[in-house]
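Descriptive analysis of the structure
Residue-level listing of the chains:
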Amino acid sequence: EAQVTQNPRYLITVTGKKLTVTCSQNMNHEYMSWYRQDPGLGLRQIYYSMNVEVTDKGDVPEGYKVSRKEKRNFPLILESPSPNQTSLYFCASSYPGGTIYFGEGSWLTVV
Amino acid sequence: DAKTTQPPSMDCAEGRAANLPCNHSTISGNEYVYWYRQIHSQGPQYIIHGLKNNETNEMASLIITEDRKSSTLILPHATLRDTAVYYCIVRVLTTSGTYKYIFGTGTRLKVLA
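Rules used in this analysis
Residues numbered from 1 in each chain as written. Chains lettered and ligands numbered in written order. Predicted model: local features only at pLDDT ≥ 70, side-chain atom pairs only at ≥ 80, totals over all residues. Heavy atoms only, no water. Contact = heavy atoms within 4.5 Å. Buried area = accessible area lost by both parts, 1.4 Å probe. Salt bridge = Lys/Arg side-chain N within 4 Å of Asp/Glu carboxyl O. Helix = DSSP H or I, 4+ residues; strand = E, 2+ residues; numbered from the N terminus. Nonpolar A, V, L, I, M, F, W, Y, C, P; charged D, E, K, R; others polar. Phe/Tyr/Trp six-rings, centres within 6.5 Å; stacked < 30°, edge-to-face > 60°. Buried < 20%, exposed > 50% of the residue type's maximum accessible area, 1.4 Å probe, protein only.

**Here's the deal with the interface of chain B and chain A**
Contacts between the two partners involve 18 residues from chain B and, on the opposite side, 25 residues from chain A. A combined buried area of about 1,700 Å² lies between chain B and chain A, and 58% of that area is made up of carbon and sulfur atoms. Of all residues in chain B, the largest losses of buried area upon contact with chain A belong to Tyr99, Tyr101 and Phe103 of chain B, amounting jointly to 32% of the total for that side. Between chain B and chain A we count one salt bridge in total. Measuring nitrogen to oxygen at the nearest pair gives 2.9 Å for the salt bridge that ties Asp59 of chain A to Lys100 of chain B. Those elements that place two or more of their residues in the side of chain B that touches chain A are β3 (32-38), β8 (84-93) and β9 (99-103) of chain B. With four residues, the single largest contributor to the side of chain B that touches chain A is β9 of chain B. Each residue belonging to the side of chain B that touches chain A can be placed in one class, and the counts come to eight nonpolar, eight polar and two charged.

Have a look at this one:
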């Protein structure tokens, strides 16, 4: 079954404690991306990757890092989380220009 | 960048057609329009996409105006399970040769029994 899998699905953490949200897809997609969703703001793109070792900033990259060492994985790293990064995060993947498949989301709360 | 504008909310009676509009007046000739929906806070689900011609699949129809400045998603016989937030998205090709998907803020469709 085609899947985009995110972990953890729910996390409460403290300000400044580094965390990583993993994302994995089983469709051999080149394109992967991360979005955050906040009330009234829809989905905003954080980072995206066109292929292994190729990443680029989206609209709201501040405070986040990503890496793409393997085609199937695209982790989102918060080096020093802050409360304004409390949000619902989605990972997505697709063939270039193709239909996007989204993960089920990760609820992150930073206190 | 292209931008999409959608009404924030709409109601539709169960069994009737739901027509969800989207304005994308700044779209370029090679930029696709996609529609997704999100039920509660689940991951958005693909519905349909198109470039110039009208499209239909088992879920919906997409009508794109000739000048491509707007489109309408049609759910022909809305059911209660179609209650969701519907996003109109423009896929753009950036100057660096990558694709970027620009989301609007969506329309919250409520299907009424």
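Once you've had a look at it, read on.
**Comments concerning the packing of aromatic side chains**
One pass over the full model with this rule turns up 13 aromatic pairs over all chains. With 5.9 Å between their ring centres and 65° between their planes, Tyr64 of chain A and Tyr89 of chain A make a pair best called edge-to-face. Here Tyr89 of chain A lies in strand β9 (residues 87-94) and Tyr64 of chain A lies in the loop between β6 (54-57) and β7 (65-66), a separation of 25 residues in the sequence. Here Tyr64 of chain A matches Tyr89 of chain A in class, with each residue buried. The rings of Tyr31, Tyr35, Tyr48, Phe90 and Phe102 of chain A together with Tyr34, Tyr36, Tyr46, Tyr87, Tyr101 and Phe103 of chain B are connected pair by pair, giving a single aromatic cluster.

By themselves, these figures tell us nothing about what the structure is for.
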